[in-house]
Amino acid sequence: QVQLVESGGGLVQAGGSLRLSCATSGRTSGSYTMAWFRQAPGKEREFVAAIRSSGTTYYADSVKGRFTISRDNAKNTVYLQVNSLMPEDSFVYYCAARSTGASVRTPDYTYWGQGTQVAVSS
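Residues numbered from 1 in each chain as written. Predicted model: local features only at pLDDT ≥ 70, side-chain atom pairs only at ≥ 80, totals over all residues. Heavy atoms only, no water.

## Regarding the sheet that holds strand 1 (residues 2–7)
Taken in spatial order, the four strands make up an open sheet running 1-3-8-7, and their pairing is antiparallel. Each edge of the open sheet carries a strand with a single partner, namely strand 1 and strand 7 (67–72). Averaged over neighbouring strand pairs, the angle between their axes works out to 15 degrees when direction is ignored. Pairing analysis gives six bridges linking strand 3 (residues 18–26) to strand 8 (residues 77–82), with the strands arranged antiparallel. In the sheet register, Arg-19 faces strand 8, and the bridge partner there is Gln-81. (Pairing = 2+ DSSP bridges. Helix = DSSP H or I, 4+ residues; strand = E, 2+ residues; numbered from the N terminus. Axes fitted to C-alpha atoms, helices over the stretch in contact; angles between N-to-C directions.)

## What to know about unusual backbone geometry
In this structure, Asn-76 is a non-glycine residue whose phi angle is positive, near 55 degrees. Residue placement: Asn-76 occurs in the loop between strand 7 and strand 8. Residue classification places Asn-76 among the partly exposed positions, given a relative accessible area of 35%. (Buried < 20%, exposed > 50% of the residue type's maximum accessible area, 1.4 Å probe, protein only.)

## A few points about the pattern of salt bridges
Counted under the stated rule, the structure contains five salt bridges. For Arg-38, the salt bridge identified is with Asp-89, shortest N-O distance 3.1 Å. Here Arg-38 is found in strand 4 (residues 33–39), whereas its partner Asp-89 is found in the loop between strand 8 and strand 9 (91–98), with 51 residues between them in sequence. With a closest N to O distance of 2.7 Å, Arg-66 and Asp-89 form a salt bridge. (Salt bridge = Lys/Arg side-chain N within 4 Å of Asp/Glu carboxyl O.)

Purely spatial values, then, with no claim about function.
Written out as structure tokens, the structure reads:
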């Protein structure tokens, strides 16, 4: 079992930055692929970024160059640095984990956090 708890969301002006954190706990969480997804009310959850246990990263085209995913296995934490925020980045951001390789598909992830809200004002 892996537990995930996100934090770091908030209200920010366009052009600003935030660092989202996902604290992980549970057996073998350090070996899992970790990912961030985001979701707007009434919309499907969409892939943002993923990082494998090796450190290999993957990004959605819409966030490449602005968002950076990283992990600190010693602290059991995954981060999402979000820069140059735009109003269209306003979502609930979710952390997810799976025991095998990276995927952009929501159903492929076994564990989910409760989400953290990001709101970007224009």
